[in-house]
Every structure is written in structure tokens, then in C-alpha cells.
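Architecture and fold: a report
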Amino acid sequence: MSAKISFFKSVEQYVDKAASFTDIPQGLVEQIKVCNLVLQIRFPIRVGNDYQVIEAYRVQHSHHRLPTKGGIRYAESVDQDEVMALASLMTYKCALVDVPFGGAKGGIKINPSNYTVEQLQTITRRYTTELIKKNFIGPGIDVPAPDYGTGPREMAWILDTYQAFRHGEIDSIGCVTGKPVTQNGIRGRAEATGRGVFYGIRECLSHADDMRKIGLTPGIAGKTMVVQGLGNVGSNTALISQQEGGVKVIGIAEREGSIYSPNGIDVEKLMTFRMETGSILGFPGSQHIGGPSAALELECDILVPAALENQITLENADRIKAKVIAEAANGPITADADLILQKKGIMVLPDFFINAGGVTVSYFEWLKNLSHHRFGRLENRFQHNAFVGILNKVEEMTGKQVSIRDRDFLTRGGTEVELVNSGLEDTMITAYTQVRETSLHNNNIPDLRTAAFVCSMQKIASDYISMGIFP
Ligand code: GLU
């Protein structure tokens with residue numbers, strides 16, 4: 001039996017490879033790579049007439065910027081190596097998209113579907129209490145968020161627990177992000193990761209030169225897509241790509257198996273079908289083509305692995321036929337499989353770029369929480385009045401009237417979700433431009449992942465150097 005490959009080590013290998021394209025001193029590369037703080041937690045909960053010991057972690061990978069930031073996942077796969085790897089990816093992710101945080105990640109080793117809502121609440125509150133005891137949570141210390149197996153409900157429990165211990169702390173609502181909108185969350189956060197994946201793919205496909213190299217025409221409309229995992233990230237990527245990008249979703253994989261339909265799958269209808277029947281199998285007009293990984297091998301333009309890590313490995317990499325892979329999940333491709341995909345000329349949009357939409361909008365939520373007011377509250381009415389004044393003047397000077405519909409559109413201020421989405425779109429386009437230019441200007445950089453690590457590492461290194469620690 002082969003030993004389990006360390007996920008953290010494989011991230012370190014990527015970083016070492018990227019470091020060779022920079023002039024960052026070796027000692028500083030080591031400092032960038034290591035995890036600054038690792039908290040191992042064990043606590044008991046009562047299940048029926050017995051007790052269960054719960055295994056949990058919080059890892060703060062890098063303190064070069066504070067607070068540290070990253071989700072908390074509830075999954076059976078959780079172990080220290082996985083949480084360390086995911087925390088380190090958060091550091092590179094935040095640096096790449098200019099979100100001024102260090103990286104962190106938390107994990108509880110449970111399958112949430114084995115617990116009642118009350119038990120999950122007990123586990124979440126107890127975990128939060130441990131974080132508070134160890135000073136591992138706070139708006140200026142470490143700010144958790146949702147990840148695999150968690151969502152706004154868990155974030156609300158975390159906030160409530162934190163506030164119970166930190167009564168009167170003025171910025172306490174910024175101790176966690178991804179909260180329900182009614183509890184100081186922000187509109188657009190729930191779909192932010194999937195929406196960011198869409199913006200990133202769209203931007204990548206817009207460059208005619210790059211597309212020619214992989215045999216694609218430029219533009220996202222009409223391209224075929226296969227998605228593995230219909231959780232928050234996968235479902236929003238598929239829905240938004242279909243509805244706003246005109247993409248044809250031809251394959252979907254979930255726990256119960258893979259389905260294929262060359263004419264396209266209506267993702268919204270599929271989601272309703274799965275809710276009603278508990279499965280994607282049997283969806284009208286689709287074929288059942290095999291287990292959860294069968295869809296990965298379909299011929300398509302864009303493949304989106306949006307489930308867990310280690311999905312494309314040495315075992316199946318040779319059979320992957322996509323032109324572009326967008327790593328919506330964290331670490332879905334193993335390092336050895338990545339080399340095979342590169343040789344096959346497949347373009348990989350690396351996880352810590354393509355799924356950065358979640359933490360980007362978390363940053364907007366945190367800013368909203370610290371400013372204690374909703375975006376647009378101060379300036380919307382002022383802008384509206386100014387635009388009305390300009391339109392009145394234009395009408396007066398031209399003697400022509402603007403229609404009521406145009407007038408409404410031209411004079412209103414952006415809503416919260418419009419501002420969030422435009423900030424997210426700009427962030428993803430800017431980050432892709434940086435990665436693309438870094439790879440173009442360094443002929444030796446073989447792939448976008450290495451180029452993205454180079455971008456992030458240069459920013460982190462310059463932060464350390466400006467602290468005066470490294471000359
Ligand atoms: N869990 C998400 C990620 O892996 C979001 C993290 C956050 O919003 O802090 O990027």
C-alpha cells in the first residue's frame with residue numbers, strides 16, 4: 001500500500017518550484033512556507049447515552065498580515081496535514097487577490113450528516129469556546145468563515161458564542177464572516193466563490209492568443225462545462241456560468257454518480273430534481289455514465305472539480321480530456337497528476353486563484369462590519385441627486401427628454417449586491433492579469449500555478465522585508 005501523500009508537502013513543493021523563479025532569500029522562503037501556529041483540540045460531546053471525543057484543529061499559517069483568515073470545514077477527511085495545507089493555501093490566496101490577511105483554516109473531523117442540528121450546534125459552540133480560550137479568534141486576530149460542510153448557520157452560532165464571551169467589544173461582529181445577511185452578513189457572500197470562479201474562467205477564455213494555443217475560440221459563450229460537486233461552489237459556478245455566460249453544462253458528478261447530456265443540463269431544474277429525489281441520477285434527458293469520478297473524464301472545454309482534494313491523480317490524469325480545468329475546490333489535482341496535465345497541454349486555473357471569490361467577499365463583509373454601516377449608505381442619495389442634476393441639465397441643453405426607465409437606471413446608486421459583485425469581478429480580473437503577465441514575462445515559467453505562486457510570494461516577501469525582519 002502506498003503511503004498517503006502529504007497535502008501540505010505538495011503545497012510546499014509548489015512553493016519551492018515557484019521560489020526558483022524569484023530572488024527571495026532561502027531563509028525567507030522557509031519562513032513563508034511554515035505554519036506559524038497550530039492548535040489541536042479534543043473535546044467530548046454527549047451522543048445518546050455515550051460520549052464521543054471530537055477531533056478539531058485551527059491553523060494560522062502566516063502572521064505577515066493580521067488578522068488571519070480562512071474557513072472551517074466539517075469533514076471526515078480532516079486531519080492536521082489537511083488543515084495545515086489549506087491554511088497555507090489561504091495565505092497565497094489572500095496575497096494574490098490583495099486581501100490584507102494572513103492565511104488560516106479550521107477543521108472538525110466529523111460527517112455533519114451523522115449529527116442532529118442540536119449536536120452540531122453544541123460542537124460548533126464548544127469549538128468556538130476553545131478558540132476564544134486560546135485567543136485564536138477575534139476581528140483583529142483570526143476570522144473564520146464557511147468551508148466544506150459549514151455555512152451561514154454555523155457562522156451565526158460562532159458569532160453568538162463569541163459575543164457571549166466578549167460582551168461590549170465594539171467590533172465583535174467582525175469575528176467571523178459568511179454570516180446570514182440578517183446577522184451582519186453581506187449580500188452576495190453565499191454565491192461569491194462560484195461567481196468568482198465564473199469571472200476567472202471568463203477572463204481566462206477572453207484572451208484569443210492563449211485560447212489559440214489550446215485549440216479554443218475566445219469567449220465563454222457556447223463552451224461546454226463539466227462540474228464535479230453540486231455543493232455551494234459547484235452549483236453556483238454551474239448556474240452562473242449557464243445563466244450569465246451562456247455556457248453549456250454537459251456533465252455533472254455527485255456522490256451518487258455522474259450524468260451526461262450532450263444537449264446541456266438545466267442546472268436549476270437539476271437542483272430541484274435532486275432536492276425532490278435525493279439524487280441527480282434519472283434526471284430527464286441525461287445518461288448515467290458511472291461513479292462520481294466518471295464525469296471528470298468527459299470530453300469538454302472546461303472541467304470544474306468543485307468537491308474535495310485529490311480527485312485528479314496519477315490514476316486518471318491521462319484520461320482527462322478537458323482543455324481548461326478550473327480548480328474550484330482546494331487541491332483537487334495532486335502534484336504528480338499536475339505534471340501529466342501540463343504535458344498534455346491542459347490549462348489549469350489554480351485553486352488559490354480561481355476560488356478566491358469567497359475570501360474576497362468575506363473581506364468586504366469584514367470591512368462592512370468594522371465600518372458599522374452598509375455600503376452606499378452615506379453616498380447613494382448624494383450621487384442620485386447629482387445624477388438627477390446632470391440629467392436635468394442635459395435635457396435643458398438638448399431640449400430632449402430621457403425616458404423614465406433610462407432616468408431610473410442612470411440616477412440610482414448601486415445596491416449592496418451590485419457593489420459586492422463589481423468589487424469581486426474587478427478583483428478576479430486584476431489577479432488573472434497579474435498571473436498571466438507574470439507567466440508571459442518569464443518565458444521559463446511553465447504553468448499558471450507556478451506563476452500565481454510567484455505573484456503571491458513576491459507580495460508576502462515584500463511585506464516581511466518592509467517589517468525590517470529581512471534585509
Ligand atoms: N473557505 C473559503 C476558502 O477556502 C473562504 C474563506 C474565507 O472567506 O475566509 O477560500
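Each remark here, short or long, concerns the structure printed above.
What counts, and where the lines are drawn
- Each chain carries its own residue numbering, running from 1 in the written order of its sequence.
- Given that the model is predicted, a residue must reach a pLDDT of at least 70 before its local features are reported, and side-chain atom pairs must reach 80 or more before they are shown or counted; all residues, however, enter totals for whole chains, interfaces and linings.
- Hydrogens are left out, water is left out, and the side-chain values use all remaining heavy atoms of the structure.
- Pairing between two strands requires that DSSP report at least two bridges joining them.
- A run of H or I in DSSP counts as a helix once it spans at least four residues, and a run of E counts as a strand once it spans at least two, with each numbered from the N terminus.
- Working convention: axes come from line fits to C-alpha atoms, limited for helices to the stretch in contact. Angles between N-to-C directions cover 0 to 180 degrees.
- Salt bridges are defined by distance alone: a side-chain nitrogen of Lys or Arg within 4 Å of a carboxyl oxygen of Asp or Glu.
- We call a residue buried when its accessible area falls under 20% of the maximum for its residue type, exposed when it is over 50%, and partly exposed in between, using a 1.4 Å probe and counting protein chains only.
- Contact criterion: two residues are considered in contact whenever any of their non-hydrogen atoms come within 4.5 Å of each other.
- Within this scheme a cavity is a closed region of a 1 Å grid, computed over the protein atoms alone, that accommodates a 1.4 Å probe without allowing it to escape, whereas a pocket is open but has protein on both sides within 12 Å along at least five of seven lines; lining residues each have an atom within 4 Å of a point.
- Grid points are joined across faces, edges and corners, and a volume is the space filled by probe spheres set on the points.
- For this scheme, ten residues count as nonpolar: Ala, Val, Leu, Ile, Met, Phe, Trp, Tyr, Cys and Pro. Four count as charged, namely Asp, Glu, Lys and Arg, and the remainder, Gly too, count as polar.
- By convention in these notes, a residue is near a molecule or strand provided one of its non-hydrogen atoms lies within 4 Å of it.
- Any pair of nitrogen or oxygen atoms within 3.5 Å is treated as a polar contact; in protein, a donor-acceptor pairing is required on top of that, and neighbouring residues in sequence qualify only through side-chain atoms on both sides.
- Put simply, buried Ala, Val, Leu, Ile, Met, Phe, Trp, Tyr and Cys residues joined by side-chain atoms within 4.5 Å make one nonpolar core.
- Directions are taken from the helix axis to each C-beta atom, and the arc is the one they span.

Strand order in this open sheet of 5 strands is E1-E2-E4-E3-E5, and the pairing throughout is mixed. The strands lining the two open edges of the sheet, one partner per strand, are strand E1 (37-47) and strand E5 (142-146). Taken over all neighbouring pairs, the strand axes of this sheet differ in orientation by 20° on average, direction set aside. Two elements, strand E3 (residues 68-74) and E5, share 5 bridges in a ladder whose sense is parallel. In the strand pairing of E5, Gly 71 is matched with Ala 145.

We now examine the pattern of salt bridges. Applying the stated criterion across every chain yields a total of 33 salt bridges. Note that Arg 73 is salt-bridged to Glu 309, the shortest N-O span being 3.2 Å. With Arg 73 in strand E3 and Glu 309 in the loop between strand E10 (302-305) and strand E11 (324-326), the pair connects residues that are 236 residues apart, well separated along the chain. For the pair shown, Arg 73 and Glu 309 are each scored as buried. The salt bridge partner of Lys 269 is Asp 266, with a shortest N-O separation of 3.9 Å. Accessibility expressed as a relative area gives 54% for Lys 269, which makes it exposed. A residue is classified by how much of its surface remains accessible, and Asp 266, at 33% relative accessible area, is partly exposed. In the salt-bridge network here, residues are joined through shared partners; they are Arg 73, Glu 82, Lys 105, Asp 147 and Glu 309.

This part takes up the environment of Phe 136. Mapping Phe 136 onto the fold places it in the loop between helix H4 (117-133) and E5. Distance from Phe 136 to Val 435, taken between C-alpha atoms, is 32 Å for residues 299 residues apart in sequence. With residues up to four places along the chain from it excluded, the contact list for Phe 136 reads Leu 37, Leu 39, Arg 58, Gln 60, Leu 131, Ile 141 and Asp 142.

Attention now moves to the layout of surface pockets. In this structure, the second largest pocket spans a volume of roughly 500 Å³. In terms of lining residues, the second largest pocket is bounded by 20 residues, among which Met 347, Ser 439, Pro 446, Asp 447 and Leu 448 are the most central. Of all the secondary-structure elements, those providing two or more residues to the lining of the second largest pocket are helix H7 (208-213), helix H10 (335-343), strand E12 (347-349), helix H15 (416-441) and helix H16 (448-466). With 4 residues, H15 is the single largest residue contributor to the lining of the second largest pocket. Here the residues of the lining of the second largest pocket sort into 9 nonpolar, 5 polar and 6 charged.

Quick look at the site of the ligand now. Residues in close proximity to the ligand total 14 residues, the closest being Lys 69, Lys 93, Pro 146, Asp 147 and Ser 362. Asp 147 places a polar side-chain atom, nitrogen or oxygen, 2.8 Å from a nitrogen atom of the ligand. Contact distances for the ligand include 2.5 Å between an oxygen atom and a side-chain N or O atom of Ser 362. Mapped onto the shell around the ligand, the elements with two or more residues apiece are E3, helix H3 (80-96), E5 and helix H12 (357-371). A class-by-class count of the residues in the shell around the ligand yields 4 nonpolar, 5 polar and 5 charged.

By size, the foremost hydrophobic cluster in this structure holds 95 residues, and its most contacted members are Tyr 92, Ile 201, Ile 252, Val 304, Leu 349 and Phe 453. With 11 residues, the single largest contributor to this core is H3. With residues near it in sequence (within four places) discarded, Leu 349 still touches Ile 201, Cys 204, Val 324, Ile 325, Ala 326, Glu 327, Ile 354, Tyr 432 and Leu 448.

Turning our eyes to something else, we now look at H10. Here H10 has its buried residues at Ala 335, Ala 337, Asp 338 and Leu 341. Each buried residue of H10 sits inside an arc of 150° when the element is viewed along its axis, so together they form one side. Turning to H10, the residues buried within the fold contact helix H1 (7-19), E11, E12 and H16. Positive backbone phi, approximately 80°, marks Gly 345, located one or two places after H10.

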